[in-house]
Amino acid sequence: MALSLISRGTYGLLFTFVILISQFCYGFYLPGSYMHTYSTHDEIFAKVNSLTSIETELPFSYYSLPYCTPSGGIKKSAENLGELLMGDQIDNSPYRFRMNVNESVFLCTTRALSEHEVKLLKQRTHDLYQVNMILDNLPAMRFAYQNGHKVQWTGFPVGYSPPNVDDVYIINHLKFKVFIHEYEGTGVQIIGTGEEGMGVISTAEDEKKASGYEIVGFEVSPCSVKYDPEKMAKLHQYDEVPSVNCPLDLDKSQVIREQERISFTYEVEFVKSDTKWPSRWDAYLKMEGARVHWFSILNSLMVIFFLAGIVFVIFLRTVRRDLTRYEELDKESQAQMNEELSGWKLVVGDVFREPNHPKLLCVMIGDGVQIMGMAVVTIIFAALGFMSPASRGMLLTGMIILYLFLGTGAGYAGVYLYRVIKGTSEGWRSISWSIACFFPGIVFVILTVLNFLLWANNSSGAIPLSLYFKLISLWFFISVPLTLIGGYLATRAEPIQYPVRTNQIAREIPARKYPSWLLVLGAGTLPFGTLFIELFFILSSIWLGRFYYVFGFLLVVLLLLVIVCAEVSVVLTYMHLCVEDWQWWWKAFYASGSVSLYVFLYSINYLVFELQSLSGPVSATLYLGYSLIIAVAILLSTGTIGFVTSFYFVHYLFSSVKID
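Residues numbered from 1 in each chain as written. Predicted model: local features only at pLDDT ≥ 70, side-chain atom pairs only at ≥ 80, totals over all residues. Heavy atoms only, no water.

The protein chain is annotated in an unreviewed UniProt entry as Transmembrane 9 superfamily member of Tagetes erecta. In its Sequence similarities (unreviewed entry) section, the UniProt entry covering the protein chain states "Belongs to the nonaspanin (TM9SF) (TC 9.A.2) family." (UniProt positions renumbered as here; feature names shortened; annotations may be inferred.)

Next comes the structure, spelled out in structure tokens:
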């Protein structure tokens, strides 16, 4: 149902909630997303994120492996809600960089490896786990050659196992290349933030300090080097060591075996670059096959516009002809026409009859309004550039916050529809509570099952119990009250009146040659055609660690999806009414909502053909669980689009007919 204007008092209440939630989310904020200038010899420490693998999709803590630890102990960085839910675990590291100082440094020598540590290192190596390092909020980037092509990766492997060799070798020497851009103060006030927080440059003395270097690139070249542990044990952390060339001979590489002591070293080279700070993410956002991506999207837009135009023109001509012929007749002719002809005019007394399970329909429509509103606002903000890739987890955090505050719209839409169907406000609290619990309950159950799997595998991707309680608190103290407020406002609004009366005895629906659900399922293919290309890139971003940034295209695809879902649902509703099937309510919902089935099937296809390296039932279960959540969200949102459009179409259609 269309949402009416909310009173000023309600806006004031919503604004108060926004202030409260912003204070709550401040505790999850991760600084370092803005420009920070460094002077020569300034110390910068890299951070480490969770170990990740496209083979298992189970993240693990960096320090779950026997790596060197910082002298001051391991300290976790503040993380936002999105990062915590995505399994990111950002810790400090002993890797120290001194601005504009090239050096080769000793880090540490581990104790003798135990049987468990050897087994763990080999397992992580075989599962292709990557170490993810961050410097000044930039992830480490690595270049490799595959089949003669230069391939870009983020992070570096834990180790490697050469073909036809039983031994496994660990990466223990890193060659870092830090690209810097020289910055000079210009007398303009600069507001920036680094790892320490916000800083304002306002005086002439401060402007001189602003002259320095900005980090605009971070590359790593990993290799394995065998050191003499007795000789290396005499060194202290950050002592200089001779620079080494990555050996190609396996005899000079560090093998992983029991009782072996591993020495870790690294080299740093600072390279001046013409790349400016605002453009430093461009290197990460270069998508492979960008030209194919652009042409595919444009081709899809042209096809969808063409098909939608044909459907719309045919539909307008058919309905307008029926209405014109019907209204030009007098009452006696209309009665005779009703006796002789079949079609949508014969179900005038049943078309607004109460559907099966009206409460469930209202609940699903309410949740659909909430999810669709969240998606539209999030994608618009992302397309306008508010969702920077530097702000890890901010996209998911924004989606959660938007979902919470759109509870008012969900409660209003669901209760309003319930009043239209039932003609009374009795039971609106039950509807509001059901709306607040339905979709979050489905997500909670699926995430809990998946979380047990992550806990059983000791993965850092498992949601902590403390975060569980925080999410439940956010839902209970924000989403639930706002949903109840929306439901209350709907009881005060004037409901839509049916243009025709409903007969006491239901009209019998004629038998068909084919089941109606077959047509409903087939209707989802057209909306799916608008998004399956973008779906491929989104799935690649989620499961293959690629960056997705073409939110402008995604916004266009979303608008096309809304248009096509509305048209498909209206056309199918009209077809059902023409064969005297007045039970259109749920069919209108599932006609457009059936696209979710194809999305889920495509996800399975992607798992089988694109994620062939995904190993183990746990990884496949995680993938299917998250895909199921996405499919349910798409079902509710697209189904709501189709139902609302069909409702107003049916209302307009029968209000245009002369009724005796």
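This part covers the packing of helix 13 (residues 516–523) against helix 15 (residues 551–578). Interhelical geometry of helix 13 versus helix 15 gives an angle of 165 degrees and a closest axis separation of 10 Å. With respect to helix 15, the element helix 13 is oriented roughly antiparallel. Here helix 13 runs over helix 15; the crossing is right-handed. Every residue of helix 15 that contacts helix 13 at Ser516, Leu519, Val520 and Ala523 is listed here: Val568, Leu572, Met575 and His576. (Axes fitted to C-alpha atoms, helices over the stretch in contact; angles between N-to-C directions. Helix = DSSP H or I, 4+ residues; strand = E, 2+ residues; numbered from the N terminus. Parallel < 35°, antiparallel > 145°, perpendicular 65-115°, else oblique. Left-handed = near helix turned anticlockwise from the far one by under 90°. Contact = heavy atoms within 4.5 Å.)

Note on placement: Ile134 falls in strand 5 (residues 133–135). For Ile134, a relative accessible area of 8% gives the class buried. Sequence separation between Ile134 and Val48 is 86 residues, and the spatial gap between their C-alpha atoms is 6.0 Å. (Buried < 20%, exposed > 50% of the residue type's maximum accessible area, 1.4 Å probe, protein only.)

Before going further, it helps to spend a moment on the pairing of strand 7 (residues 141–146). As paired elements, strand 7 and strand 8 (residues 149–154) share six bridges and run antiparallel to each other. Bridge pairing in strand 8 links Arg142 to Trp153. The turn joining strand 7 and strand 8, which pair antiparallel and follow one another in sequence, is formed by two residues; a positive phi near 55 degrees is taken by Asn147. (Pairing = 2+ DSSP bridges.)

Moving on: the nonpolar core. One broad rule of soluble globular proteins: the nonpolar side chains tend to lie buried together. Tyr95, Phe97, Met133, Phe176, Phe218 and Phe654 are the most contacted members of the largest nonpolar core, which totals 105 residues. Take this core: its biggest share by element is 13 residues, from helix 18 (residues 617–655). Setting aside anything within four residues of it in sequence, one finds Phe176 in contact with Tyr95, Phe97, Met133, Phe218, Glu219, Val220, Tyr266, Glu267, Val268 and Glu269. (Core = buried A, V, L, I, M, F, W, Y, C linked by side-chain atoms within 4.5 Å.)

Looking now at the sheet that holds strand 1 (residues 43–48). Here four strands make up an open sheet; going across it, the order is 2-1-5-6 and the pairing antiparallel. Looking at the sheet topology across the chains shown, the edges are occupied by strand 2 (91–98) and strand 6 (138–139). Both strand 1 and strand 2 contribute to a ladder of five bridges, which runs antiparallel. Note on strand 2: the bridge partner recorded for Ile44 is Phe97.

Throughout the structure, instances matching the rule amount to 41 aromatic pairs. Summarising the aromatic geometry, the rings of Trp475 and Phe476 are spaced 6.3 Å apart at their centres and angled 50 degrees between planes, so their arrangement reads as tilted. You can call Trp475 partly exposed: its relative accessible area is 21%. Pairing Phe536 with Tyr606 gives two aromatic rings, centres 5.9 Å apart and planes at 70 degrees, and the pair type is edge-to-face. With Phe536 in helix 14 (residues 525–543) and Tyr606 in helix 17 (residues 595–609), this pair connects stretches of sequence that are 70 residues apart. Overall, the relative accessible area of 1% leaves Tyr606 in the buried class. Grouping aromatic residues by their ring pairs yields a cluster made of Phe352, Tyr498, Trp584, Trp585, Phe643, Phe647, Tyr648 and Phe654. (Phe/Tyr/Trp six-rings, centres within 6.5 Å; stacked < 30°, edge-to-face > 60°.)

What follows covers the state of the cysteines. A full pass over the atoms with the stated rule returns two disulfides. Disulfide pairing is shown between Cys68 and Cys108; the S-S distance is 1.8 Å. An S-S torsion of about -85 degrees defines the bridge between Cys68 and Cys108 as left-handed. Here the residue Cys68 occupies a position in the loop between strand 1 and helix 2 (81–86), and Cys108 occupies one in strand 3 (residues 103–109), the gap between them amounting to 40 residues. The burial state of Cys68 is the same as that of Cys108; both residues are buried. Here Cys223 is linked by a disulfide to Cys246, with a sulfur-sulfur distance of 2.4 Å. (Disulfide = S-S within 2.5 Å.)

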